[in-house]
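Spelled out, the chains give:
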Amino acid sequence: MKPIGQSVKLGLIVCQHCGRWIDEVETEKVTVLYGCCQEESCRNGIRQGDADDE
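Being a predicted model, the structure only gives us computed values, none of them experimental. (Residues numbered from 1 in each chain as written. Predicted model: local features only at pLDDT ≥ 70, side-chain atom pairs only at ≥ 80, totals over all residues. Heavy atoms only, no water.)

Engineer: An account of the overall build of the protein is requested, with residue identities and associated values reported.
Structural biologist: The helix and strand tally for the protein stands at two helices and three strands. In the protein, the succession of helices and strands from N to C terminus is β-β-β-α-α. Each of the 54 residues in the protein was classed as buried or not, and the buried ones make up 11%. Pairs at least 24 apart in sequence give 10% of the contacts found in the protein among residues at least 6 apart. Taken as a whole, the protein presents about 4700 Å² of accessible surface, with 49% of it coming from carbon and sulfur. (Helix = DSSP H or I, 4+ residues; strand = E, 2+ residues; numbered from the N terminus. Buried < 20%, exposed > 50% of the residue type's maximum accessible area, 1.4 Å probe, protein only. Contact = heavy atoms within 4.5 Å. Areas by Shrake-Rupley, 256 points an atom, 1.4 Å probe, with all protein chains shown as cover.)

Here's what the structure looks like:
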């Protein structure tokens, strides 16, 4: 049988600072990749929990 042509997105990109889901990517197996979302605090390297402690 030929594949239907639909791809399965098994990869997930998560913000390394706040844990927010950023995107899904096509991978051969379940994979979690870490990046940085577009939130100002995350781009500056400040974690949400760290900002509350100050």
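Engineer: I'd like a description of the environment of Arg43, backed by residues and values.
Structural biologist: With respect to the helices and strands, the residue Arg43 is situated in helix 1 (residues 40–43). Arg43 sits in the partly exposed class, given a relative accessible area of 47%. With 26 residues separating them along the chain, Arg43 and His17 place their C-alpha atoms 8.8 Å apart. In this structure, Arg43 is in contact with Cys36, Cys37 and Gln38, ignoring residues within four places of it in sequence. Among the polar contacts made by the side chain of Arg43, one reaches the main-chain carbonyl oxygen of Gln38 at a distance of 3.5 Å. Among the polar contacts made by the side chain of Arg43, one reaches the side chain of Glu40 at a distance of 2.5 Å. (Polar contact = N/O pair within 3.5 Å; in protein donor to acceptor, adjacent residues only side chain to side chain.)

Engineer: I'd like to hear about the environment of Val25, residue by residue, with values.
Structural biologist: Positionally, Val25 belongs in strand 2 (residues 21–25). In this structure, Val25 is in contact with Lys9, Leu10, Gly11, Ile13 and Leu33, ignoring residues within four places of it in sequence.

Function cannot be read off these values alone, since they describe shape.
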